[in-house]
Amino acid sequence: MMKLNIGLIIVVAICLLWPLRNSAQATKGGKKISADLLGLFFEDINYAADGGLYAELVQNRSFEYNLEEKRDWNPFSYWEFVQPGHSMGHISVETSSPIHPNNPHYVLIDAEYIGDYPQVKVESGVGLKNSGFDGMVVRQGEKYNFSMFVQQITDAPMDFLISLQTPKGEILAQTKLNTSDKMWKKYTATLTSTASSDSASLVVLTKTSGQFAIDMVSLFPEKTFRNRPNGLRADLAQTLADMQPRFMRFPGGCLVHGNGLGNMYRWKNTIGPLEERKAQRNIWGYHQTAGLGYFEYFQFCEDIGAKPVPVLPAGVSCQNSGGTHVIGGAGQKALCIDDMKEYIQEVLDLIEWANGPATSTWGAKRAAAGHPAPFNLEYVGIGNEDKMTPEFEERFKMIVKAVKEKHPEVIIVGTAGPFHSGEDFEKGWKISSEMKVPVVDEHYYVQPDWFLSNQHRYDKYDRTKSKVYLGEYASWGNKMKNAIAEAAYITGLERNGDVVQMASYAPMLAKKGFTQWTTDMIFFDNVNILLTPNYYVQKMFMNNQGDYYFDKVVTKDESNKLLAASCVQDSKTSDVIVKLVNAGTEAMPMKVDLSRFKGLHSNAQIEVLEGNADDENTFDNIQKVTPTKSDYTVKCKFEYQAPAMSLTVIRIKTGK
Ligand code: AHR
């Protein structure tokens, strides 16, 4: 009986596996490399979130701007009190009866008199006007979702007129709303724009005399990325999705550990109803609404097929904050040891929120936000390039120990200071190695030459120690010479993909006129998106990742540090991908030998990014440097002339 069963099992197994015999797989002899190698790092720097990726069109929607954020800011910044048609009223900013204690300011309006003069051609009323982040961009025929919280003080119902207007007061869209509730209540309406404008304003007018309190005045395009409510700007999000990143780190950067303990990024403040989230000063000198919070981040990751890599503070604040910009200065502050138990619980709660069943305390909050299924969080970063003080070490170890005990399945990412070498780097690595932290986060911003000279950095890394996450890197500049130096370096990351687990360029987004960091991957204004050569390099590599690395495929002048190459295979498709980099000013020959790969298709795809060393894209010439894609015929062995200052990606199909 037993024998029969085993025989049956073998027959069934053969039948099941037979159809897979021709399925995609990697060629023998390749080195297994990380399947999560290239991804994104999002930090709310350079107006990346509010006024950027987050699609909210109203600026200062909750009246929480204040002078700690910018010297000339106050709760009424970016708002105008309007009384058209000879109407009259009063306004004040109040805090005594807010929607939620996390959102303390609101505006009280006393509409004393609504003008009634037939000869005056404008709509009369008393209310507010907001022009967003330097004008709202609206498009003809598109819908916009308006909402506001109102608490009526007056007994009788009140009529409101909500409109979108041009700077000249021309009406682009208009709708009516009635309020009556004496408690805070959310009112919504949809506006459809009859024309396009890049400088529209939202105007909220009461047409009834009376008193009311107003807060959380919001306007979103209906067309956000994937039409998500409280969603992301579709065009910007699409440029990120187009890269096909394997992961996305969030929310920083220095933003994570913050400017002093009170400014640390606390994930719990960024989930749940928007009106209950806690806005705060952004360490880069502006305001973060937390509207693009942890839920929106995880949802976006899921939408684009990227693994989330959240980073949590290690119980210390940024060493460069608190009034000092000297590394090693007195900026770093540490949570009291007595507070660590609660803080560690906060870290553990994040894992439950992301992965726990919808019946768990924190999983239930995820489910309430609309995502009952777990997010499948795999990685958690602890700390961001912190100064390696005894205070840091003690707290970091406490957190790591607790996460390992409660969630051994989670891959912890440690931190190794802000530079590629030096005291914090050495100490960070030592601490993480002692704790057997699986991955360590390195950061470096350097000149392009450094990248070219250090292409072999990871060849020498000890494979028995923690793996590397190159969480932040960039060469200083957005010219072709910067991008191509990075491309050469990334071939080294692929070659060392057995020890380099992940890598992400930084910073990712920068709004024109609102940048705190000058070298960035994607620049944008309210209308345009400027993709740098650095973006194209990242995209070309990310679109063409593999999980097996093959050496000796490309032969080139090894003494020339301006040349680099790599060859990977993607075991899902069996495609072989060769990357060839020439950072010199003359075309150079490289020999490609694909004879080890069986079933090569001769008709391949080639993508080339090339230009002059100082070429860059600007808002005046947004497409000066872009890659070109075409068909390409390959042989088993062929020679390729790599153009001067170029990255070439050749993608070859294999198999049937
Ligand atoms: O990417 C910009 C900043 O550089 C990050 O916030 C910080 O981690 C690093 O110093």
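Preceding this section is the structure that the text describes.
Draft legend 1. Summary view of the overall build of the protein chain. Each helix and strand counted, the protein chain has 11 helices and 34 strands in total. Here the protein chain has a C-alpha radius of gyration of 28 Å; the compact-globule value for 656 residues is 26 Å, and the two agree. Considered along the principal axes of its C-alpha atoms, the protein chain spans approximately 85 × 70 × 55 Å. Residues counted as buried form 58% of the 656 residues belonging to the protein chain. Considering only residue pairs separated by 6 or more positions, the protein chain has 75% of its internal contacts joining residues 24 or more positions apart. Put simply, the protein chain shows about 27,200 Å² of open surface, and 53% of that area lies on carbon and sulfur atoms. Each charge class in the protein chain was averaged separately, 69 positive and 76 negative side chains, and the resulting centres sit 8 Å apart.

Draft legend 2. Here's a closer look at the nonpolar core. Among the nonpolar cores identified, the biggest contains 122 residues, and Phe42, Tyr294, Trp353 and Tyr458 are the most heavily contacted of them. Setting aside chain neighbours within four positions, we find phenylalanine 42 in contact with Ala48, Ala49, Leu53, Met248, Arg249, Phe250, Pro251, Gly252, Leu292, Met508 and Leu509. Judged by nonpolar contacts, the second largest core, of 33 residues, contains Ile109, Val138, Met158 and Val204.

Draft legend 3. The site of the ligand, seen in detail. Close to the ligand lie Glu43, Gly253, Cys254, Trp284, Asn384, Glu385, Tyr445, Glu472, Pro507 and Trp517, which account for all nearby residues. Cysteine 254 is positioned with one of its backbone polar atoms (N or O) 2.8 Å from an oxygen atom of the ligand. Glutamate 472 places a polar side-chain atom, nitrogen or oxygen, 2.8 Å from an oxygen atom of the ligand. Within the complex, the protein chains bury 95% of what would otherwise be the 280 Å² of accessible surface of the ligand. Classifying every residue of the shell around the ligand gives five nonpolar, two polar and three charged.

Draft legend 4. Seen up close, the environment of tyrosine 294. Here tyrosine 294 lies in helix H4 (residues 294-304). Judged by its relative accessible area of 0%, tyrosine 294 falls in the buried class. Counting along the chain gives 14 residues from tyrosine 294 to proline 308, while the straight-line C-alpha distance between them is 10.0 Å. Beyond its immediate chain neighbours, meaning those up to four positions away, tyrosine 294 contacts Phe250, Pro251, Tyr265, Trp267, Thr270, Ile271, Pro310, Val311, Leu312, Leu350 and Trp353.

Draft legend 5. Highlighting the environment of aspartate 242. Residue position: aspartate 242 is located in the loop between helix H2 (234-241) and strand S14 (247-250). Classification of aspartate 242 as partly exposed rests on a relative accessible area of 34%. Separated by 67 residues in sequence, aspartate 242 and threonine 175 place their C-alpha atoms 36 Å apart. With residues up to four places along the chain from it excluded, the contact list for aspartate 242 reads Tyr535, Lys539 and Asn543.

Draft legend 6. Spotlight on the sheet that holds strand S28 (residues 563-570). Spatially, S1-S26-S28-S29-S34-S31-S32 is the arrangement adopted by the seven strands of the open sheet, whose pairing is antiparallel. Both edges of this open sheet fall to strand S1 (31-32) and strand S32 (628-633), since each of them pairs with a single strand only. Here strand S31 (residues 603-610) runs beside S32; their pairing, made up of six bridges, is antiparallel. The residue bridging glutamine 605 from the neighbouring strand is aspartate 631, located in S32. Contacts from helix H11 (residues 533-542) reach strand S29 (575-582), S31 and strand S34 (646-652), with the element oriented near 160° to S31.

Draft legend 7. Here's a closer look at the sheet that holds strand S23 (residues 509-511). The strand order across the open sheet formed by three strands is S23-S24-S25, and the pairing between neighbours is mixed. Each edge of the sheet is formed by a strand with only one pairing partner; in this case those strands are S23 and strand S25 (529-531). On average, adjacent strands in this sheet sit at an angle of 25° to one another, irrespective of strand direction. In the sheet, S23 pairs with strand S24 (residues 522-524) via three bridges, with the strands oriented parallel. Opposite lysine 511, over in S24, you have phenylalanine 524 as the bridge partner.

Draft legend 8. The arrangement of the side chain of glutamate 494 in detail. Looking at the secondary structure, you find glutamate 494 in helix H10 (residues 480-495). Take glutamate 494: its relative accessible area is 2%, and that puts it in the buried class. Within polar-contact distance, the side chain of glutamate 494 engages the side chain of serine 566 at 2.6 Å. If sequence neighbours within four positions are ignored, glutamate 494 has contacts with Ile33, Leu37, Phe541, Asn544, Tyr549, Ser566, Val568 and Lys579.

Draft legend 9. Quick look at the packing of aromatic side chains. By the definition in use, this model includes 45 aromatic pairs. An angle of 65° between the planes, with centres 6.1 Å apart, marks the rings of tyrosine 632 and phenylalanine 638 as edge-to-face. Positioned above the aromatic ring of tryptophan 73 is the side chain of lysine 70, whose terminal nitrogen or guanidinium carbon lies 5.3 Å from the ring centre. Geometry around phenylalanine 41 places arginine 249 over its ring, the cationic atom sitting 4.4 Å from the centre.

What counts, and where the lines are drawn
Residues numbered from 1 in each chain as written. Predicted model: local features only at pLDDT ≥ 70, side-chain atom pairs only at ≥ 80, totals over all residues. Heavy atoms only, no water. Helix = DSSP H or I, 4+ residues; strand = E, 2+ residues; numbered from the N terminus. Rg over C-alpha atoms; globule rule 2.2 N^0.38 Å. Buried < 20%, exposed > 50% of the residue type's maximum accessible area, 1.4 Å probe, protein only. Contact = heavy atoms within 4.5 Å. Areas by Shrake-Rupley, 256 points an atom, 1.4 Å probe, with all protein chains shown as cover. Lys, Arg positive; Asp, Glu negative; His and termini not counted. Charge placed at Lys NZ, Arg CZ, Asp CG, Glu CD. Core = buried A, V, L, I, M, F, W, Y, C linked by side-chain atoms within 4.5 Å. Near = heavy atom within 4 Å. Polar contact = N/O pair within 3.5 Å; in protein donor to acceptor, adjacent residues only side chain to side chain. Nonpolar A, V, L, I, M, F, W, Y, C, P; charged D, E, K, R; others polar. Pairing = 2+ DSSP bridges. Axes fitted to C-alpha atoms, helices over the stretch in contact; angles between N-to-C directions. Phe/Tyr/Trp six-rings, centres within 6.5 Å; stacked < 30°, edge-to-face > 60°. Lys NZ or Arg CZ within 6 Å of the ring centre and 35° of its normal.

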